[in-house]
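# Structural description and commentary
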Amino acid sequence: MNEVTAINRTQPEYSDAVKKALARAPQLYINGEWVDSTGDATIDVEDPSTGKVVSKVVEASDKDVDRAVAAARTAFDDRRWRDMPPVAREKIMHKIADLILANAEELAELEAIDVGKPKGMASAVDVPGAAAHFTYMAGWAGKIGGETQAPYSMPGGMMFAYTLKEPVGVCAQIVPWNFPLLMACLKIAPALAAGCTTVLKPAEQTSLTALRLADLIHEAGVPAGVVNIITGYGHTGGDRMVKHPDVDKVAFTGSTEIGKLINRNATETLKHVTLELGGKSPVVVMPDVDVAETAPGVAGAIFFNSGQVCVAGSRLYAHKSVFDKVVEGMAETKDFWAPRPSLDPDAHMGPVVSSEQFDRVMGYIDAGKRDGASVLMGGDSPGGDGYYVNPTILTDVNPQMSVVREEIFGPVVVAQRFDDLDEVVKDANNTQYGLAAGVWTKDVSAAHKIASRLQAGSVWVNCHAMIDPALPFGGYKESGVGHEQGRLGLEAYLETKSVLMKL
């Protein structure tokens, strides 16, 4: 019997704290309060490990969106947050981080149930990462400032000139379903550090941790209206946020297709826009690697979070001299990555997020088979309740196949051989995307050379998806506009004003 299909996929019982969170009334967090929707529509929340409905969230109406934006606009215009002493804002942001960590167990379980990711992974990555974004950005709250500048075309001593850094205003922030809590904190934290106010909308599939985060933001003492969290669909509530005349900036993470639509809509009112979009990241394995170390790392690059990662290493390019050993080594990890229920303590990979995503991933695998790809591992579902896809390696592929060109967003890697450096760099860059890339080699010179030639916003050497709040994150080509994280991520929430005074 196939070991993958022999796994017990019964989801363990939820904790009492999580049961309470799932049973809460569907509401919205607007102007510092939990409020009922002006409409009566709700959205079912499923546990991807079982396919069963476990809760409901509000489908925000147009009036709900307008209320949230109005609250953020009032809070910004009366300067209740931006004029607070930076040391006070910094303390509140640190308090949010502390509360996230104090509630880590509940948040990790909620995230596991909502997304389908293993609770152990949420505990190790998502929750501490969420807190780290607030801690890091809190440090910037008291370090934002302009500079004096001697005019270039005027006599010395005639003018006193300086710049000011000011918050951009009301922000509409839309986050995806693969890292809901982490992405919410990644966006809210720089907005707060800069002095902005915000309306955040999580993905309709995965809103539970964002709603719980609202409780913690309130408890930390963020003034009313500074952070508002609403739930609903992107094509309704999200679209109204993007087009709203009282919104000054839009920050979106999601697919390139939706990002393009948001960019067009935001242009109508010339909003500031930050877009972190899709990826089809190449992973280049050079001939000098230690295969025993490299193969598990390359496997993790694609199977982590069930491949539902914008930077997933979904295109493998291994040198012909080590190709067979690398893919065989990846195949040996199948038991480690065998999909299990998200609350199973032995889980390293869970189900994909929804039936829609399951159909999408399986559709791509079937398309790859029809186009002539060979299945080295997986290529199917273990069956049963929930949305499980076995980790999959496809070989004998070519650049014209949809599985090579398009973002699958599932645990599927396409593996290809290469012969020389120029060839692999050309193939790696032969994509509409440019979010991230990986290089595995012992040769430091080769690593630098390849990294400099890859068209990607992040390049990892002998590791993958090592993302840190201090380092800017963004993409080339159709993988995004602007950057998040680091100083550049903060600057995206600031305006620069020049002041000249005649002496």
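Residues numbered from 1 in each chain as written. Predicted model: local features only at pLDDT ≥ 70, side-chain atom pairs only at ≥ 80, totals over all residues. Heavy atoms only, no water.

Further remarks concern the sheet that holds strand S17 (residues 458–461). With mixed pairing, the 7 strands of this open sheet are ordered in space as S13-S14-S15-S12-S11-S16-S17. Of all strands in the sheet, those bounded by a partner on one side alone are strand S13 (374–377) and S17. On average, each strand axis in the sheet is inclined to that of its neighbour by 25 degrees, with strand direction left out of account. Relative to S17, strand S16 (residues 436–440) runs parallel, the two sharing 4 bridges. Residue Ala436 lies in a different strand from S17, and its bridge partner there is Ser458. (Pairing = 2+ DSSP bridges. Helix = DSSP H or I, 4+ residues; strand = E, 2+ residues; numbered from the N terminus. Axes fitted to C-alpha atoms, helices over the stretch in contact; angles between N-to-C directions.)

Over its 16 residues, helix H2 (residues 62–77) runs 22 Å from end to end, which matches the ideal 22 Å to within 8%, given 1.5 Å per residue. Within H2, burial applies to Asp64, Val65, Ala68, Val69, Ala71, Ala72, Arg73, Ala75 and Phe76. Arg79, located one to two residues past H2, shows a positive phi value of around 60 degrees. (Expected span 1.5 Å × (residues − 1). Buried < 20%, exposed > 50% of the residue type's maximum accessible area, 1.4 Å probe, protein only.)

Attention now goes to the nonpolar core. Nonpolar side chains in soluble globular proteins tend to be buried together. Membership of the largest hydrophobic core comes to 98 residues, with the highest contact counts inside it found for Ile100, Phe134, Val285, Leu316 and Met330. Of all the elements, helix H6 (residues 180–194) adds the most residues to this core, at 12 residues. Beyond its immediate chain neighbours, meaning those up to four positions away, Met330 contacts Ala295, Val298, Ala299, Ile302, Leu316, Met377, Ile393 and Val413. With 26 residues, the next largest nonpolar core counts Val58, Val65, Val69 and Leu277 among its residues. (Core = buried A, V, L, I, M, F, W, Y, C linked by side-chain atoms within 4.5 Å. Contact = heavy atoms within 4.5 Å.)

Another aspect to go through is the side chain of Glu109. Tracing the backbone shows Glu109 in helix H4 (residues 104–115). For the buried residue Glu109, which engages in no salt bridge, the nearest side chain bearing the opposite charge is Lys119, 4.0 Å off. Once residues lying within four places of it in the same chain are set aside, the contact partners of Glu109 are Tyr14, Ser15, Val18, Lys119 and Leu343. (Lys, Arg positive; Asp, Glu negative; His and termini not counted. Salt bridge = Lys/Arg side-chain N within 4 Å of Asp/Glu carboxyl O.)

Looking now at the packing of helix H3 (residues 86–102) against helix H7 (residues 208–220). Viewed as axis vectors pointing N to C, H3 and H7 meet at an angle of 135 degrees, and their least axial separation amounts to 9 Å. As far as their axial angle goes, H7 and H3 are oblique. Where H3 crosses over H7, the two elements pack in a sense that is right-handed. Between H3, through Ile92, Lys95, Ile96, Leu99 and Ile100, and H7, the contact on the second element is made entirely by Leu213, Leu216, Ile217, Glu219 and Ala220. For the contact of H3 with H7, the per-class residue count stands at 8 nonpolar, no polar and 2 charged. (Parallel < 35°, antiparallel > 145°, perpendicular 65-115°, else oblique. Left-handed = near helix turned anticlockwise from the far one by under 90°. Nonpolar A, V, L, I, M, F, W, Y, C, P; charged D, E, K, R; others polar.)

For the structure shown, the criterion picks out 6 aromatic pairs. Both rings, one in Phe160 and one in Tyr162, keep their centres 5.4 Å apart while their planes meet at 40 degrees; by these two values the pair is tilted. By relative accessible area, Phe160 is classed as partly exposed at 37%. Where Phe336 meets Trp337, the ring centres are 5.0 Å apart and the plane angle is 80 degrees; that geometry is what we call edge-to-face. (Phe/Tyr/Trp six-rings, centres within 6.5 Å; stacked < 30°, edge-to-face > 60°.)

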